[in-house]
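Report on the structure
The chain contents come next:
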There are 2 protein chains.
Amino acid sequence: MDVEQYMKTVGRAARQAATQVAASSTAQRNKALLAARDALDAAREALAEANARDLQRGRDNGLDAPLLDRLELTPATIDTMLEGLSQVAALPDPVGSITNMNTMPSGIQVGKMRVPLGVVGIIYESRPNVTVEAASLCLKSGNATILRGGSEALASNCAIAACLAEGLRAAGLPETAVQVIETADRAAVGQLITMPDYVDVIVPRGGKSLIERISREALVPVIKHLDGVCHVYIDEGADLGMASAIAMNAKTHRYGTCNTMETLLVALSEAPEVLPRLAEAYAAAGVELRGCEQAQAIVPQIAAASEQDWYEEYLAPVLALKVVAGLDEAIAHINRYGSQHTDSIVTRDHGRAMRFLREVDSASVMINASTRFADGFEYGLGAEIGISTDKLHARGPVGLEGLTSQKYVVFGEGQVRS
Amino acid sequence: MDVEQYMKTVGRAARQAATQVAASSTAQRNKALLAARDALDAAREALAEANARDLQRGRDNGLDAPLLDRLELTPATIDTMLEGLSQVAALPDPVGSITNMNTMPSGIQVGKMRVPLGVVGIIYESRPNVTVEAASLCLKSGNATILRGGSEALASNCAIAACLAEGLRAAGLPETAVQVIETADRAAVGQLITMPDYVDVIVPRGGKSLIERISREALVPVIKHLDGVCHVYIDEGADLGMASAIAMNAKTHRYGTCNTMETLLVALSEAPEVLPRLAEAYAAAGVELRGCEQAQAIVPQIAAASEQDWYEEYLAPVLALKVVAGLDEAIAHINRYGSQHTDSIVTRDHGRAMRFLREVDSASVMINASTRFADGFEYGLGAEIGISTDKLHARGPVGLEGLTSQKYVVFGEGQVRS
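Residues numbered from 1 in each chain as written. Chains lettered and ligands numbered in written order. Predicted model: local features only at pLDDT ≥ 70, side-chain atom pairs only at ≥ 80, totals over all residues. Heavy atoms only, no water.

A few words now on the overall build of chain A. Looking only at helices and strands, chain A features 14 helices and 16 strands. At 24 Å, chain A has a C-alpha radius of gyration in line with the 22 Å of a compact globule built from 418 residues. Taken over the C-alpha atoms alone, chain A extends approximately 70 × 70 × 35 Å along its principal axes. Relative to its full complement of 418 residues, chain A shows a buried share of 57%. Taking the contacts inside chain A whose residues are at least 6 apart along the sequence as the reference set, 72% of them involve residues at least 24 apart. A total of about 16,000 Å² of accessible surface is found on chain A, and carbon and sulfur atoms cover 49% of it. Between the centroid of the 38 positive side chains of chain A and the centroid of its 51 negative side chains there is a distance of 5 Å. (Helix = DSSP H or I, 4+ residues; strand = E, 2+ residues; numbered from the N terminus. Rg over C-alpha atoms; globule rule 2.2 N^0.38 Å. Buried < 20%, exposed > 50% of the residue type's maximum accessible area, 1.4 Å probe, protein only. Contact = heavy atoms within 4.5 Å. Areas by Shrake-Rupley, 256 points an atom, 1.4 Å probe, with all protein chains shown as cover. Lys, Arg positive; Asp, Glu negative; His and termini not counted. Charge placed at Lys NZ, Arg CZ, Asp CG, Glu CD.)

So, in structure tokens, the structure goes:
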């Protein structure tokens, strides 16, 4: 069977399964999640064996150490997967709730019912634990899933898929509600993102170039997560103790995450006092600073930032630093150079705080808090399938609700339009 | 200037204007709408003159009568435009509301703020009144707009745009918040839908082929409105008086609208009684019936339906008619042949009504009401930019809220992540 035929078969099966999953009860979907957890727990040996095959092939193919690391399924990784399944089963079911029910002048009552999207395609790279995470969130929200993981994790993903199928079977749901693409052929991705008849949305999880390519070529809507060029702005008159704590946490808590601060903006009035103090703390933490001329004038050890630095998502112990005249310049800088991900102001002034909230065009805008809080768990979503840098549909951390849609429901008593 | 350059200039100006519109007050945007209304009222002569030029060129180019009809700006059309502007000004402002504010275990408060999408591109065909309708809804919801109307209406659209610019100026808003594309070059559309840096969403209004082409080629999200293959299902035990009234209204109230019923499904148990009665009423109304074999067995005058009839959006006095065993077959038929637009069940049974609501995968699902109610005004949205047959972002009638997005807002008091 060629790839196109194979993917269409997978797509058709997913579309059919989606109807059954959408019509299933909350109890049934939770049962599937918990039975899959038990199946994974019982299959630790088979998982380890499949994973060892992937790792061996990876080493033979010369994969680098970080990639092999992400590929490995340790007993601890498996524990986390099991725990994740229990947690998702315990979350409230988003499907079926009816809200905003109002009576219209015609007498009909109109409201909105939350419903699954249908078939969700997930495209990801090496981590096999994403298979469980993504499939469980999609199933909980009433969707069928097609998973396309990295080819280097194929054996591990297939072993995990067998356990998920066991869970689905135990709950009387079709096994095709969760399907792992079983070919390493790259054409499978191209096919998956161009089957609007069978796939309702694509969630790519991976590097910027993967996501950009998928967005460009997809004929199916994509929930994108591009880069996080996040800012903290220390406002005129800010509490400098608070500002320093937030600026340090936003940069140094973790370097490789998308909600890490990449550029610090400081109001001119505060720069002479706060910059030397921060420069010292960053130096102690091993963070390299690249600043504008005004910053260099205050702290001569700071290296010069180039225009490119303002666009940079370092994901590393490097920080761009700019002195600005005040709020207006800060907002203009963020809206120009930022990536509309997460930005925070440290201020005592209510009016300026509210202007920052309104006028910074980012998925998360914060007052007096570290950008590191931009996260599905910290926002109380209970889980996260990704962080959207799009504006349509879902913006910011995407939880179960982002995997659903709302349709209009109308309750009449025989009304006709006159 | 070539088209690409021109469109990029328009796009850049729109992006800049969008920032100013987003930061403007409700009062300012309402003032612009009302001042534009007054400017249009004062410019009736200039509008008539520009419109006459379009009509003359249309006649010279051999446009057909219905197209010339849609192109014409009569005093009554202008009155409707003015009234529309007053109505949109009177609607509540969707922008800025903060909802779902909750305190998290970390102490931060997290909520969602409704914000404009940014720049909305509208692509439409001959009616010049769409220029006012679309621009007013986009402005009210805090967005900048780029309007690409049919080339046959260019003079009329430019005359209208001048009045809208006058309104914007009077309110201290940038005139570039509403821009009409001033070239008839078709390449402008291709450029508009592939500038994600300058355009946030495209709303095409027109025929299916236009919308399909735009969706296929766009690199910007599209709010699609494809066809409406709507169904009414008369359930076992339904009130046949109510059922007949709804079935007649859904088909004959207007033939050319997307929420008009195109296929009627009747439970086998009710068919012998209700079909002869309905066949007579449809015949009296001049509606041609095309039925399945079972329907023909009951009413021999009914023509035979082909497989293709079940997919057809007639937009004409023609109705496909199918006898089904019951609810299961009705739902399966709708989900297979329908276009996920609007479907209604006529029933007395609560359980079956709720199953229909849950399991029919359409933007609007109704109980005991005519499909003709699927409309932004009837749903209380106050206005409508279109009806979405997509699942992501907006589904069903799209009002002001569909032209906005929600961003996360976080209120902290110095919290950092541990």
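Structure's up, so let's keep going.
As a further point, take the packing of helix 13 (residues 327-337) of chain B against helix 14 (residues 350-359) of chain B. Residues and elements named next belong to chain B. Contact pair helix 13 / helix 14: the axes reach a minimum separation of 11 Å and the direction vectors enclose 20 degrees. Taken together, the axis directions place helix 13 and helix 14 in an arrangement best described as roughly parallel. In the crossing of helix 13 with helix 14, the sense of the turn from one axis to the other is right-handed. Of helix 14, the residues touching helix 13 (which contributes Leu327, Asp328, Ile331, Ile334 and Asn335) are Arg352, Arg355, Phe356 and Glu359. (Axes fitted to C-alpha atoms, helices over the stretch in contact; angles between N-to-C directions. Parallel < 35°, antiparallel > 145°, perpendicular 65-115°, else oblique. Left-handed = near helix turned anticlockwise from the far one by under 90°.)

Whenever strands of a sheet pair, they do so through backbone hydrogen bonds, lying parallel or antiparallel. Residue and element names in this part refer to chain B. Strands sit in the order 5-4-3-6 across an open sheet of 4 strands; the sheet is parallel. Both edges of this open sheet fall to strand 5 (178-180) and strand 6 (201-205), since each of them pairs with a single strand only. Strand after strand, the sheet turns through a mean of 20 degrees between neighbouring axes, direction not considered. Contacting strand 3 (119-124), strand 4 (144-148) and strand 5, helix 1 (residues 3-23) crosses the sheet at an angle of about 150 degrees to strand 4. (Pairing = 2+ DSSP bridges.)

A word on helix 1 of chain B. All names here are of chain B. Given a rise of 1.5 Å per residue, 21 residues ought to cover 30 Å, and the 30 Å separating the end C-alpha atoms of helix 1 matches this to within 8%. Of the positions making up helix 1, those classed as buried are Val3, Tyr6, Met7, Val10, Gly11, Ala13, Ala14, Ala17, Ala18 and Val21. On its buried side, helix 1 packs onto helix 2 (26-42), strand 3, helix 6 (129-140), strand 4, strand 5 and helix 8 (187-192). (Expected span 1.5 Å × (residues − 1).)

Attention now moves to the domain arrangement of chain A. A common way to report how large an interface is uses the accessible area buried once the components associate. For chain A, the assigned domains read domain 1 (3-223 + 398-410) and domain 2 (230-373). Spacing between the C-alpha centres of domain 1 of chain A and domain 2 of chain A amounts to 37 Å. (Domains from an automatic or database assignment.)

Now for the sheet that holds strand 10 (residues 303-304) of chain B. Spatial strand order, 1(A)-2(A)-16(A)-13(B)-12(B)-7(B)-8(B)-11(B)-9(B)-10(B): 10 strands in an open sheet with mixed pairing. A single partner strand is all that each edge strand has here, and the edge strands are strand 1 (98-103) of chain A together with strand 10 of chain B. The sheet contact formed by strand 12 (residues 342-346) of chain B and strand 13 (residues 364-369) of chain B spans 4 bridges and is parallel. In the strand pairing of strand 13 of chain B, Thr342(B) is matched with Ser364(B).

A few words on the packing of aromatic side chains. Residue and element names in this part refer to chain A. A complete count under the given rule lists 4 aromatic pairs over all chains for this structure. Taken together, a centroid distance of 4.9 Å and an interplanar angle of 70 degrees make the contact between Tyr311 and Tyr337 edge-to-face. On the criterion of sequence distance, the pair formed by Tyr311 in the loop between strand 10 (303-304) and strand 11 (318-324) and Tyr337 in helix 13 (residues 327-337) is long-range, its members being 26 residues apart. Among the residues examined, Tyr337 registers a relative accessible area of 9% and is labelled buried. When the ring centre of Trp310 is taken as reference, the NZ or CZ atom of Lys322 above it lies at 5.4 Å. (Phe/Tyr/Trp six-rings, centres within 6.5 Å; stacked < 30°, edge-to-face > 60°. Lys NZ or Arg CZ within 6 Å of the ring centre and 35° of its normal.)

Each of the two chain copies goes to the other by way of a rotation about an axis and a shift along it. It takes a turn of 180 degrees to lay chain A on chain B, together with a shift of 0.0 Å along the axis; the resulting RMSD is 0.0 Å. In short, the pair behaves as if placed about a two-fold rotation axis. When each C-alpha of chain A is compared by its distance to the rotation axis, His393(A) comes out closest, at 1.8 Å. In this assembly the copies share their binding face: 100% of the residues contributing to the interface of chain A also contribute to that of chain B. (Least-squares fit on C-alpha atoms with pLDDT ≥ 70 in both.)

Residues and elements named next belong to chain A. Helix length check: helix 11 (residues 271-285) (15 residues) gives 20 Å between terminal C-alpha atoms against 21 Å at 1.5 Å per residue, within 8%. For helix 11, the set of buried residues is Ala271, Val274, Leu275, Leu278, Ala279 and Tyr282. The arc that holds every buried residue of helix 11, seen down its axis, measures 135 degrees, which confines them to one face. Every exposed residue of helix 11 that faces more than 90 degrees away from the buried side is listed here: Glu273, Glu280, Ala283 and Ala284. Against the buried residues of helix 11 lie strand 7 (230-234), helix 10 (240-252), strand 8 (261-267), strand 9 (288-291), helix 12 (293-298) and strand 11. Positive backbone phi, at 80 degrees, marks Gly286, one or two positions downstream of helix 11. (Arc of directions from axis to C-beta.)

Our focus in this paragraph is the packing of helix 2 of chain B against helix 5 (residues 75-90) of chain B. A pair of packed helices can be characterised by two numbers: the angle between their axes and the separation between those axes. All names here are of chain B. One way to put it is that helix 2 packs onto helix 5 with a least axis distance of 9 Å and a crossing angle of 170 degrees. When the interaxial angle is binned, helix 2 and helix 5 end up roughly antiparallel. Contact residues: helix 2 offers Asn30, Leu33, Leu34, Ala36, Arg37, Leu40 and Asp41, while helix 5 offers Met81, Leu82, Leu85, Ser86, Val88 and Ala89.

To continue, consider the pattern of salt bridges. Applying the stated rule across the entire model yields 56 salt bridges over all chains. The closest approach of N and O atoms between Arg290(A) and Asp309(A), which form a salt bridge, is 2.9 Å. Of this pair, Arg290(A) sits in strand 9 while Asp309(A) is found in the loop between strand 10 and strand 11, placing the two residues 19 residues apart along the sequence. Taking the relative accessible area as the measure of exposure, Arg290(A) reaches 23% and is therefore partly exposed. For Arg169(B), the salt bridge identified is with Glu175(B), shortest N-O distance 2.6 Å. Judged by its relative accessible area of 48%, Arg169(B) is partly exposed. For Glu175(B), a relative accessible area of 35% gives the class partly exposed. Three or more residues are tied together by salt bridges with common partners; here these are Arg15(A), Asp200(A), Asp361(B), Lys391(B) and Arg395(B). (Salt bridge = Lys/Arg side-chain N within 4 Å of Asp/Glu carboxyl O.)

Moving on, we come to the UniProt feature "domain: Aldehyde dehydrogenase" (unreviewed entry) in chain A. Residues and elements named next belong to chain A. In this numbering, the UniProt entry assigns the feature "domain: Aldehyde dehydrogenase" (unreviewed entry) to residues 10-302 and 310-374. Annotated as 51% helix and 17% strand, the span residues 10-302 places its first and last C-alpha atoms 56 Å apart. Helix makes up 32% of residues 310-374 and strand makes up 28%, while its end C-alpha atoms are separated by 21 Å. (UniProt positions renumbered as here; feature names shortened; annotations may be inferred.)

To continue, consider the interface of chain A and chain B. In this complex, chain A contributes 62 residues to the contact, which on the side of chain B involves 62 residues. The junction of chain A with chain B conceals about 5,300 Å² of combined surface from both sides, 61% of it contributed by carbon and sulfur atoms. Seen at the junction of chain A and chain B, the total is 6 salt bridges. Joining chain A to chain B, the criterion identifies 34 residue pairs in polar contact (both at pLDDT 80 or more). Of all elements in the fold, only strand 2 (109-116), helix 10, helix 14 (350-359), strand 13 (364-369), strand 15 (396-398) and strand 16 (404-415) of chain A reach the threshold of two or more residues within the side of chain A that touches chain B. Sort the elements by how many residues they give to the side of chain A that touches chain B and strand 16 of chain A lands first, with 11 residues. Class assignment of the residues belonging to the side of chain A that touches chain B gives a composition of 32 nonpolar, 18 polar and 12 charged. Strand direction decides the pairing type here: strand 16 of chain A and strand 13 of chain B, joined by 5 bridges, are parallel. (Buried area = accessible area lost by both parts, 1.4 Å probe. Polar contact = N/O pair within 3.5 Å; in protein donor to acceptor, adjacent residues only side chain to side chain. Nonpolar A, V, L, I, M, F, W, Y, C, P; charged D, E, K, R; others polar.)

Here the focus is unusual backbone geometry. Even without a glycine there, the phi angle at Gln340(A) is positive, about 60 degrees. Its place among the elements puts Gln340(A) in the loop between helix 13 and strand 12 (342-346). The class of Gln340(A) is partly exposed, set by a relative accessible area of 29%. Notably, Asn368(B) is not glycine yet its phi reads approximately 55 degrees, a positive angle.

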